[in-house]
Amino acid sequence: EAAVTQSPRNKVTVTGGNVTLSCRQTNSHNYMYWYRQDTGHGLRLIHYSYGAGNLQIGDVPDGYKATRTTQEDFFLLLELASPSQTSLYFCASSEELGGTQYFGPGTRLLVL
Amino acid sequence: GMPVEQNPPALSLYEGADSGLRCNFSTTMKSVQWFQQNHRGRLITLFYLAQGTKENGRLKSTFNSKERYSTLHIKDAQLEDSGTYFCAAEDTGNYKYVFGAGTRLKVIA
């Protein structure tokens, strides 16, 4: 069974649209992460969290909010989507910061 | 420069061949992970190293923090090894992972 799941797997929205990406992990891990992957950049960290109610800013946070509602659930919010946010988004979890990370299957987002 | 540089950017290998991928770091890193991204986009964790060498089947990885590099060796390449390989290094300053841009590997029959 997949320990990190993401939904939706694909999403299309328009510029200015409101999008929520969901991630759930059943690893009982403390840390969860949101990354975006773009050609030529590898993965870049948007936000991360070390527990319910906590949020830490990553390296490319502009235009994104996130919320960790429970140990298992971490959401990425795009309140005014822009075409520059078209990307492949990955969620990951780890027991500790800097430990082995386990990734979800990814969500492809297209902003028209 | 980029904190994590991966080489080569792309690589083609015949089935059965051996090859190596390398990541160089601009600063001392605490640990490194290697991932394979398959044709469906799924990221598979291959190795986590805080130091030294690890082997798993046909794969072997080394991390030398002092010399600021890590390598991933693939032995007897198979078609299913095709994909993009990423290294991600843990920054000792802030404990976050910084990813390389990846090596696109194509294994040819």
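Located above this text is the structure these notes cover.
What counts and how
Residues numbered from 1 in each chain as written. Chains lettered and ligands numbered in written order. Predicted model: local features only at pLDDT ≥ 70, side-chain atom pairs only at ≥ 80, totals over all residues. Heavy atoms only, no water. 1 Å grid on protein atoms, 1.4 Å probe; cavity = no way out; pocket = protein on both sides within 12 Å on 5 of 7 lines; lining within 4 Å. Points joined across faces, edges and corners; volume = space filled by probe spheres on them. Helix = DSSP H or I, 4+ residues; strand = E, 2+ residues; numbered from the N terminus. Nonpolar A, V, L, I, M, F, W, Y, C, P; charged D, E, K, R; others polar. Disulfide = S-S within 2.5 Å. Buried < 20%, exposed > 50% of the residue type's maximum accessible area, 1.4 Å probe, protein only. Contact = heavy atoms within 4.5 Å. Buried area = accessible area lost by both parts, 1.4 Å probe. Salt bridge = Lys/Arg side-chain N within 4 Å of Asp/Glu carboxyl O. Polar contact = N/O pair within 3.5 Å; in protein donor to acceptor, adjacent residues only side chain to side chain. Core = buried A, V, L, I, M, F, W, Y, C linked by side-chain atoms within 4.5 Å.

Novice: An account of the layout of surface pockets is requested, with residue identities and associated values reported.
Specialist: In this structure, the largest pocket occupies an estimated 420 Å³ of space. Going through the elements one at a time, β4 (31-38) and β9 (87-94) of chain A together with β9 (83-91) and β11 (103-108) of chain B are the ones with two or more residues in the lining of the largest pocket. The greatest single-element share of the lining of the largest pocket, amounting to three residues, is contributed by β9(B). When grouped by side-chain class, the residues that make up the lining of the largest pocket number four nonpolar, 13 polar and three charged. In this structure, the second largest pocket encloses a volume near 160 Å³. Surrounding the second largest pocket, A:H41, A:L43, A:R44, A:L45, A:D59, B:M2, B:P3, B:Y97, B:V98 and B:F99 form its lining. Among the residues forming the lining of the second largest pocket, the class breakdown is seven nonpolar, one polar and two charged.

Novice: Got a sec to walk through the state of the cysteines? Specific residues and values, please.
Specialist: This structure, assessed with the given rule, holds two disulfides over all chains. One disulfide in the model links A:C23 with A:C91; its S-S distance is 1.9 Å. What sets the handedness of the A:C23 and A:C91 disulfide is the S-S torsion sign, and at about -75° it is left-handed. Placement of the pair is A:C23 in strand β3 (residues 19-25) and A:C91 in strand β9, with a sequence separation of 68 residues. Its relative accessible area of 2% is what places A:C23 among the buried residues. Residue B:C23 pairs covalently with B:C87 via a disulfide, S to S 1.9 Å.

Novice: Before we move on, can you summarise the interface of chain A and chain B with the specific residues and values?
Specialist: Note on interface size: it is often stated as the accessible area lost on association of the parts. Facing the 22 residues of chain A at the interface are 18 residues of chain B. For the pair chain A and chain B, the two sides together bury roughly 1,600 Å², of which 54% comes from carbon and sulfur. Looking only at chain A, the three residues that lose the most surface to chain B are A:L43, A:G98 and A:F103, adding up to 29% of its buried area. At the surface where chain A touches chain B, the tally comes to one salt bridge. Between the two partners, chain A and chain B, sit five residue pairs in polar contact (both at pLDDT 80 or more). Contributing elements (two or more residues each) for the side of chain A that touches chain B: β4, β5 (42-49) and β9 of chain A. For the side of chain A that touches chain B, the element with the highest residue contribution is β5(A), accounting for four residues. Of the residues belonging to the side of chain A that touches chain B, the class tally is eleven nonpolar, ten polar and one charged.

Novice: So what's going on with the nonpolar core? Residues and values would help.
Specialist: Membership of the largest hydrophobic core comes to 22 residues, with the highest contact counts inside it found for B:F25 and B:W34. When contributions to this core are tallied by element, the ones reaching two or more residues are β2 (10-14), β3 (19-25), β4 (29-37), β5 (43-49), β7 (59-64), β8 (69-74), β9 and β11 of chain B. A:V4, A:I46, A:F74 and A:L76 belong to the second largest nonpolar core, which has 17 residues in total.

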